[in-house]
Amino acid sequence: MPEKIDVNELGRTVDPASLSHEQLVDALRDGLAGGGGKDIDPSLFARLVKSTGKGQLEAVMSSDVRRPVLDAIFGRMAEFYSSKGSSAKRQVVHWHVTGASSGGSDDFQTAMQHGTCEVSELLTEEPRTKLTMDGVQFLKVVTNNASPVTLFMTRKLKVAGDVGFATALQKMFTIPTA
């Protein structure tokens, strides 16, 4: 493997099983440096998540690259918001991705209204629903590699507030597939 590998190339041609945890983390760190998340093809990232083992995903989400990965995903969430199901009423979701190095969670707020989606790290509004899951499950959900309903039923995804709205969220986003 070359010294540095582009994250898109990683998703396209490299079998993550052939990489050590450190190599995978390093490749993601390099690819996300300086806000490089905008250059990552979402379908290739989804393929990468799909083909990466649980232990490797855990290594990513417990490393210093966790935050850049989350920032890249939430930073592009508005791009993938579909106006289908949009409402004149402001719909707020609080996302709690557990397993942060602080022992807590990385928290984000999405507010959807009139066909737009705003993302914030500040939880300033009353949410219609709150979603709580660990980092690996979050990666799988946002890349369409896990069913949120199955995760909810197996208690790997916790929903507080409007459960019906939470189940409709997946239809409100055009989620890339592997």
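Data block above holds the structure.
What you see is a predicted model, and the numbers here were worked out from it, not measured in a lab.

Notes on the side chain of Gln91
Within the fold, Gln91 resides in strand β1 (residues 91-98). If sequence neighbours within four positions are ignored, Gln91 has contacts with Thr110, Ala111, Met112, Arg128 and Phe165.

Points about the packing of aromatic side chains
With the rule as written, the count across this model stands at 5 aromatic pairs. On the basis of an interplanar angle of 10° and a centroid distance of 3.9 Å, the ring pair of Phe74 and Phe108 is categorised as stacked. Of this pair, Phe74 sits in helix α5 (residues 66-76) while Phe108 is found in strand β2 (residues 105-113), placing the two residues 34 residues apart along the sequence. By the burial criterion, Phe74 is buried, and Phe108 matches it. Three or more aromatic residues joined by ring pairs form one cluster here, namely Phe74, Trp95, Phe108 and Phe138.

Considering unusual backbone geometry
Negative phi values dominate among residues other than glycine, just as trans dominates among peptide bonds. A positive phi angle, near 50°, is found at His114, a position not held by glycine. Looking at where His114 falls in the secondary structure, it is placed in the loop between β2 and β3 (116-120). Exposure remark for His114: the relative accessible area of 58% places this residue in the exposed category. A positive phi angle is found at Asn144, which is not glycine, with a value near 65°. Mapped onto the secondary structure, Asn144 falls in the loop between α6 (135-142) and α7 (148-153). Residue classification places Asn144 among the partly exposed residues on the basis of a relative accessible area of 33%.

Notes on the pattern of salt bridges
Going through the model one piece at a time under the given rule, you end up with 12 salt bridges. One salt bridge in this structure joins Asp71 and Arg67, with 2.9 Å as the shortest N-O distance. Here the residue Asp71 and the residue Arg67 both occupy positions in helix α5, the gap between them amounting to 4 residues, near one helical turn. With a relative accessible area of 33%, Asp71 lands in the partly exposed category. Put simply, Arg90 and Glu118 hold a salt bridge, and the shortest N to O gap is 2.8 Å. Of this pair, Arg90 sits in the loop between α5 and β1 while Glu118 sits in strand β3, and the two are 28 residues apart along the sequence. When salt bridges with common partners are traced through the structure, they connect Arg66, Arg67, Asp71, Asp106 and Glu121 into a single cluster.

The rules behind these values
- Residues numbered from 1 in each chain as written.
- Predicted model: local features only at pLDDT ≥ 70, side-chain atom pairs only at ≥ 80, totals over all residues.
- Heavy atoms only, no water.
- Helix = DSSP H or I, 4+ residues; strand = E, 2+ residues; numbered from the N terminus.
- Contact = heavy atoms within 4.5 Å.
- Phe/Tyr/Trp six-rings, centres within 6.5 Å; stacked < 30°, edge-to-face > 60°.
- Buried < 20%, exposed > 50% of the residue type's maximum accessible area, 1.4 Å probe, protein only.
- Salt bridge = Lys/Arg side-chain N within 4 Å of Asp/Glu carboxyl O.

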